[in-house]
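Listed below, chain by chain, are the residues.
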Amino acid sequence: MAIDKLQVIILPSWLNGISVLVTSICSEMPRSNIDVELDSAHATWISSDVALFSTKTGNLLLLSLVYDGRTVQRLELSKSKASSLASCISTVGDAFFFLGSRLGDSLLVQFSCGLASSSSISRSVKDEAGEVEAETPAAKRLRRASSDISQDVVSGEELSLYNSTPNNSDSSQKAFSFAVRDSLVNVGPLKDFTSGLRSNADLNATGVAKQSNYELVGCSGHGKNGSLCVLQQSIRPEQITEVELAGCKGIWTVYHKGSRSHASESAKLVPDEDEYHAYLIISLQSRTMVLETADTLGEVTESVDYFVDGCTISAGNLFGRRRVVQVYARGVRILDGGYMTQELCIEVPNADASSGSDNAVVSTVSIVDPYVLLKMTDGSIQLIVGDPATCTVAINSATISPSFADPIAACSLYHDKGPDPWLRKTSTDAWLSTGAADDLEVTDGSPQDQGDIYCVICRESGRLDLFEVPSFRCVFSIDKFTSGKNILVDTYLPDLPSDAQRTVKEETSEGDKQESGQNMKVIEIAMQKWSGQYGRPFLFGILSDGTILCYHAYFYEGQDNMVKMEGGSMVENAVNSISTSRLRNLRFTRVFLDSLTREEAEAGASGQRIVNFSNIGGYQGAFLAGTRPAWLMVCRERLRLHPQLCDGPIVAFTPLHNINCNHGFIYYTAQGFLKICQLPSLNYDNDWPVKKIPLRGTPHQITYFAEKNLYALIVSFPVSRPVSQVLPSLVDQDNNHLTEGDNIISEDAHKSYAVDEFEVRILEPAKSGSQWEARASVPLQTSENAISVRIVTLLNTSTKENETLLAIGTAYVQGEDVAARGRIILASIKQDSNNSDNWVNEVYSKELKGAISSLASLQGHLLIAAGSKIILHQWNGEELNGFAFYDAPHYVVSLNIVKKFILFGDIHKSIYFLNWKEEGAQLSLLAKDFGSLNCYATEFLIDGTTLSLVVSDDQKNIQIFYYAPKSMESWKGQKLLPRAEFHVGAHVSKFLRLQMLPTSLSDRTNRYALLCGTLDGSIGCVAPLDELTFRRLQTLQRKLVDVVPHVAGLNPRAFRRFRSNGNAHRPGPDNIVDCELLRYYEMLPLDDQLEIAHQIGTTRSQILINLNDLNVGTSFL
């Protein structure tokens, strides 16, 4: 809750004369020695008599009620250590509170309270801290660490605070300890950002791969929560080594616990996730290579009993990693390390010579200890069952017989791990299975922690079934899985009335008619639940048209005597009429995946695209191979999709963990390179992977020096100053004329106050394995604030050579009684690793009238916005000489240059479009917007030969204008005409112009998009579209407004309408399509997608191509 007025009066000594009167009235109350301001503070109760306050400076305070019986004797305020700058605070349960922040990371803090003597407080808190921290694994704790937590909280230290006086007459003290248990990363508010080169960039990359050479570096946070946020939309792995290899079809890494049989007892206690891999298996075109993954990768193909005379289909571990299973086209081998212990030849049972089943070989494999599921090329499946006692395997006879009318398209095994498997909870006889498990545990004494294993089978008709293994009893079925419904329910209804069965058949046949032209089928299926006490399984399906379906399971308990039909009708049915072993309470909800992962499946392609991993760089999830590879990372039961575009198509992928590659991975590219890599140290629990560099100050503006690979950053931080420097007028007052109440001011004139001091830091980005470093700084004078910093290229009129300099614009803040002044500073930057004082050399400095708010270079000249004037200067190597100017209405907030054109935004009078005429040295006005608009940011939008002007305002809108001097509406070219307008919903503080990539339908190279950052921390994009694509997507958008359910009843069309805040405004043209709404098209069921495409006169494939091209064209960073 926000604290506007507090009934408890805390009277520090620096309050004005009014407080003296209150103090005299309350003279009997004890005077506090803590100076604190409670405006903008937030509070919550952490116990019945203790309230926790978070102040605007980020300090935590405890307010204790000291009482005797029912009478409160006094209030005690004690100060704690610091935390994030809070925007809200709320207690969660009895042991946690959530501290939300819009200026830093939000924290989940655990607190504990106890009574302890003063001599044992320190020891007890340390013991408690040790116990609490031990509950969280080190790797997970590292991932959740927040860069915004102050130095008192980082490194796992606990916030400890005590009351000096106990309640009642107890001689012991009440001790509180606080521990940060989790944090939510916040990159807002984004005040400014720029793009720069990554430390592991490939300078020879082209096309889409070149985009992953760059990263976004933004100014985020405020005060002690201030930081640099390094954002990367795509992942570029940290490469350890690479080897050129031709014809690779698949790679696998396997463990072997038998190799450590003679190791020490301490080595046997290594957790499974920290165990090193033993072998790397590489399947080539006509043979298989085997390498040992010890200190170095050494080939041992000739000295092991692996099948090496042909391709390997799959490999994995069985029997608790004591054996390795290798599957090839016509057989299976079981190996103890490098020695074969068993070999099985795969034969198709009941083979019919006429059908060609005798030539069927293994197509795909799924391995879950102790089972191996084989899918044959004729559509049949075989299950190999292992015996952990003897470490041998045999083919199970209770498999599903092949159906020639509806063959199996894809299959996979799923392991529902844990002592309490999740899927058991969704069964109607869950209470029976739980009791049976308990009885088994008591009877044989072995813990039932292996979980359950299921087989997921999808047929070419689109039907998906979930079977128990090894009995192959169907427990869950889904009709028309390929249709992509939002909710999946069990459609097994054996005892329904004939009318209901007829309804189901009619709907099925009707759907088949609509999809008959699509020939849609599943080519790969996977189901996985990653570790975690509250984890729920994910279901993945890759369709033949490249669509990836993703579902997340959840528990739903409906009415026992009702069964939901496809059409939504409810049909009564007795519970006993349906098998009680069905997972009737199991539901799947669809999860959105970016269409960037979409690709056309190649004919005959049988390689596995979905590869699960349990620990790569401390994260778990799945890797998606193919022409558009991507990472699916599971964080907080949410999928985070991060594309990897730097290497093009990836053929094969597998995790690797050994002494030289700690929790890394190996992948093989279509260009023929086998690469061993590790994940960069970023936080992947975000829409874009992010890394925060703490500054302990407020960042304001940043610019990138590409030639030196350096960043120049404006930072402010609080510094204690005497009152005589903060308010000089106080010192000049005549003390003889002060009243009695004013004596407080004269007494406090010698105190120190915190004021912001500015400097410009030169930062060098982190190289591989290192941290960002501040190489130099440009200090400013007292009361001088840096406002703008830019890297400019100026033409030296004396030498006729271009010079790249650092330009800094400042303003002196000395109160309203002093005329505004500013200073322009030019400095050269040199990289000198031996002496940091030589990095920045000031070459020029001059004071100007007015604050210097914006800087830009225009064809070798320096354009300076000083107050309400825009002045163009020449540089002769020693000084700047102004030779052209333009008078702005009030105050210039931004300057943008394209060739000889200038766009600037005024703080109240919208935007102005200028032209620089070298002949006559004039800055002439071409056109302007005659409306009143409070500008935040401006930028040019380029689409071939079309130039548009973009501006954001204080009402969270974006407007796009264009210059049309021949149009009648432009008043002979004096007025800028609106091209489009829409409501963003957040204050856009910065535009960054980036070049778009050519797509399949458009090969334009001179096309740019605008990346826009907001004060809420969100990042958006404004991109141009060609006319035909725009008309198609606009028609689709209008249709989706009526089709897609509105979240909380909020209309997306009304939300995007321009907000004028009561001012007169003429609505602009509707030339914007909302991709936030368009992406819901892919989430619609297939029937709805086809119907909508038919209604708007196009095809589903054409719409998906347009959406995909838009994604590819804006695949920045």
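Residues numbered from 1 in each chain as written. Predicted model: local features only at pLDDT ≥ 70, side-chain atom pairs only at ≥ 80, totals over all residues. Heavy atoms only, no water.

Draft legend 1. Seen up close, the overall build of the chain. For the chain, the count of helices and strands is 15 helices and 68 strands. Within the chain, the fraction of its 1117 residues that count as buried is 51%. Looking at the chain alone, contacts between residues at least 24 apart form 59% of all its contacts between residues at least 6 apart. Summed over its atoms, the accessible surface of the chain is roughly 52300 Å², and 49% of this surface lies on carbon and sulfur atoms. (Helix = DSSP H or I, 4+ residues; strand = E, 2+ residues; numbered from the N terminus. Buried < 20%, exposed > 50% of the residue type's maximum accessible area, 1.4 Å probe, protein only. Contact = heavy atoms within 4.5 Å. Areas by Shrake-Rupley, 256 points an atom, 1.4 Å probe, with all protein chains shown as cover.)

Draft legend 2. Structural detail: the pairing of strand S45 (residues 690–694). For S45, the buried fraction is high: four of the five residues fall into the buried class. Sheet topology note: the strand S13 (residues 227–231)/S45 ladder contains five bridges and is antiparallel. Looking at S45, one finds that Leu228 is bridged to Ile693. (Pairing = 2+ DSSP bridges.)

Draft legend 3. Quick peek at the sheet that holds strand S49 (residues 773–779). If you walk across this open sheet you meet the four strands as S46-S47-S48-S49, and the pairing is antiparallel. Both outer strands of the open sheet, strand S46 (698–705) and S49, are each paired with one neighbouring strand and no more. Within this sheet the neighbouring strands show an average axis-to-axis angle of 35°, counted without direction. Across six bridges, the pairing between strand S48 (residues 752–764) and S49 is antiparallel. (Axes fitted to C-alpha atoms, helices over the stretch in contact; angles between N-to-C directions.)

Draft legend 4. Region of the structure containing the packing of aromatic side chains. The final tally for this structure, using the stated rule, is 29 aromatic pairs. Between Phe111 and Phe178, the ring centres sit 6.3 Å apart and the planes meet at 40°, which makes this aromatic pair tilted. Within this pair, whereas Phe111 is found in strand S8 (residues 106–116), its partner Phe178 is found in strand S10 (residues 173–184), the two being separated by 67 residues in sequence. Measuring from ring centre to ring centre gives 5.5 Å for Phe613 and Trp631, while their planes differ by 70°; the resulting arrangement is edge-to-face. Within this pair, whereas Phe613 is found in strand S38 (residues 610–616), its partner Trp631 is found in strand S40 (residues 630–635), the two being separated by 18 residues in sequence. (Phe/Tyr/Trp six-rings, centres within 6.5 Å; stacked < 30°, edge-to-face > 60°.)

Draft legend 5. Spatial organisation of helix H11 (residues 1027–1043). Compared with the 24 Å implied by 1.5 Å per residue over 17 residues, the 24 Å span of H11 between its first and last C-alpha is a close match. The inward-facing, buried residues of H11 contact helix H12 (1052–1055), helix H13 (1075–1078), helix H14 (1086–1095) and helix H15 (1100–1113). (Expected span 1.5 Å × (residues − 1).)

Draft legend 6. Molecular detail of the confidence of the model for the chain. Overall, the predicted model of the chain reaches an average pLDDT of 79, with 78% of residues at or above 70. Across the chain, strand S64 (residues 957–962) holds the top mean pLDDT of 94, while helix H2 (residues 121–134) sits lowest at 35. Counting contacts from residues 116–172, a segment whose pLDDT is below 50, to residues more than four positions away or on other chains yields 108 contacts. Segment residues 560–579 is flagged for pLDDT under 50; beyond a separation of four residues in sequence, or across chains, it makes 40 contacts in the model. (pLDDT = per-residue confidence, 0-100.)

Draft legend 7. Layout of the nonpolar core. Grouped together as the largest cluster of nonpolar side chains are 28 residues, with contacts concentrated most on Leu423, Leu466, Phe481, Leu539, Leu586 and Phe588. Core analysis: the next-biggest nonpolar cluster, separate from the first, contains 19 residues, Phe705, Ile714, Ala776 and Leu780 among them. (Core = buried A, V, L, I, M, F, W, Y, C linked by side-chain atoms within 4.5 Å.)

Draft legend 8. Layout of the sheet that holds strand S11 (residues 192–197). The four strands are arranged S11-S12-S13-S45 in an open sheet whose pairing can be described as antiparallel. The open sheet is flanked by S11 and S45, the only strands paired with a single partner. Across the sheet, the mean angle from the axis of one strand to that of its neighbour is 25°, orientation sign disregarded.

Draft legend 9. Seen up close, the environment of Asp954. By the element assignment, Asp954 lies in the loop between strand S63 (946–953) and S64. For Asp954, a relative accessible area of 25% gives the class partly exposed. Sequence separation between Asp954 and Asn934 is 20 residues, and the spatial gap between their C-alpha atoms is 5.8 Å. Excluding residues that lie within four positions of it along the chain, Asp954 makes contacts with Asn934, Tyr936 and His987.

Draft legend 10. Representation of the pairing of strand S55 (residues 861–866) in the model. Extensive coverage of S55 is indicated by the burial of six of its six residues. Side chains His861, Leu863 and Ala865 of S55 all project onto a buried face; the interleaved residues Leu862, Ile864 and Ala866 project onto the opposite face, where all are buried too. As judged from the six bridges shared by strand S54 (residues 852–858) and S55, these two strands associate in the antiparallel manner. From the neighbouring strand, Ala856 faces S55, where its bridge partner is Leu863. Connecting S54 to the antiparallel partner S55 that follows it, the hairpin turn spans two residues, and Gln859 within it adopts a positive phi of roughly 50°. Of the pairings in the sheet, the one linking S55 to strand S56 (residues 869–875) comprises five bridges and is antiparallel in character. Counterpart to Ala866 in the pairing with S56 is Lys869. Between S55 and S56, which pair antiparallel in sequence order, lie two residues; one of them, Gly867, sits at a positive phi of approximately 65°.

Draft legend 11. Fine view of the pattern of salt bridges. Inspection of the entire model under this criterion finds 31 salt bridges. For Lys56, the salt bridge goes to Glu37, with nearest N and O atoms at 3.0 Å. With Lys56 in the loop between strand S3 (50–54) and strand S4 (59–68) and Glu37 in the loop between helix H1 (17–25) and strand S2 (41–47), the pair connects residues that are 19 residues apart, well separated along the chain. Arg636 is the partner of Asp685 in a salt bridge, and the nearest nitrogen-oxygen pair spans 2.5 Å. In this pair, Asp685 is assigned in the loop between strand S44 (673–678) and S45 and Arg636 in the loop between S40 and strand S41 (638–643), connecting sequence segments 49 residues apart. Residue class for Asp685 comes out buried when judged on its relative accessible area of 14%. Salt bridges here are not isolated pairs; linked through shared partners, they connect Asp182, Arg636, Arg640, Asp685 and Asp687. (Salt bridge = Lys/Arg side-chain N within 4 Å of Asp/Glu carboxyl O.)

Draft legend 12. Up close: H14. Buried within H14 we find Leu1086, Gln1089, Leu1090, Ile1092 and Ala1093. Considered in projection along H14, the buried side chains sweep an arc of 165° and stay on one side of the axis. Immediately beyond the C-terminal end of H14, within one or two residues, lies Gly1097, with a positive phi of roughly 80°. (Arc of directions from axis to C-beta.)

Draft legend 13. The environment of Ile824, seen in detail. The residue Ile824 is located in strand S52 (residues 821–829) in this model. Accessibility expressed as a relative area gives 1% for Ile824, which makes it buried. When the C-alpha positions of Ile824 and Ala851 are compared, they lie 9.6 Å apart, and in sequence the two are 27 residues distant. With residues up to four places along the chain from it excluded, the contact list for Ile824 reads Ile808, Tyr844, Ser845, Lys846, Leu848, Ile852, Leu855, Leu862, Ile864 and Leu880.

Draft legend 14. Representation of unusual backbone geometry within the structure. In this chain, Asp369 is followed by Pro370 through a cis amide linkage whose omega measures 5°. In this fold, Pro370 is placed in the loop between strand S23 (362–368) and strand S24 (371–376). Look at Lys972: it is not a glycine, yet its phi comes out positive at around 60°. Among the structural elements, Lys972 can be located in the loop between S64 and strand S65 (977–983).

Draft legend 15. Expanded view of the packing of H11 against H15. Where H11 meets H15, the axes come as close as 11 Å, and the angle between the chain directions of the two elements is 110°. Compared by their axis directions, H11 and H15 come out roughly perpendicular. At the point where H11 passes H15, the crossing takes the left-handed sense. Here H11 contributes Thr1029, Arg1032, Leu1033 and Leu1036 to the contact with H15, which in turn contributes Gln1102, Ile1103, Asn1106 and Leu1107. Residue composition of the contact of H11 with H15, grouped by class: four nonpolar, three polar and one charged. (Parallel < 35°, antiparallel > 145°, perpendicular 65-115°, else oblique. Left-handed = near helix turned anticlockwise from the far one by under 90°. Nonpolar A, V, L, I, M, F, W, Y, C, P; charged D, E, K, R; others polar.)

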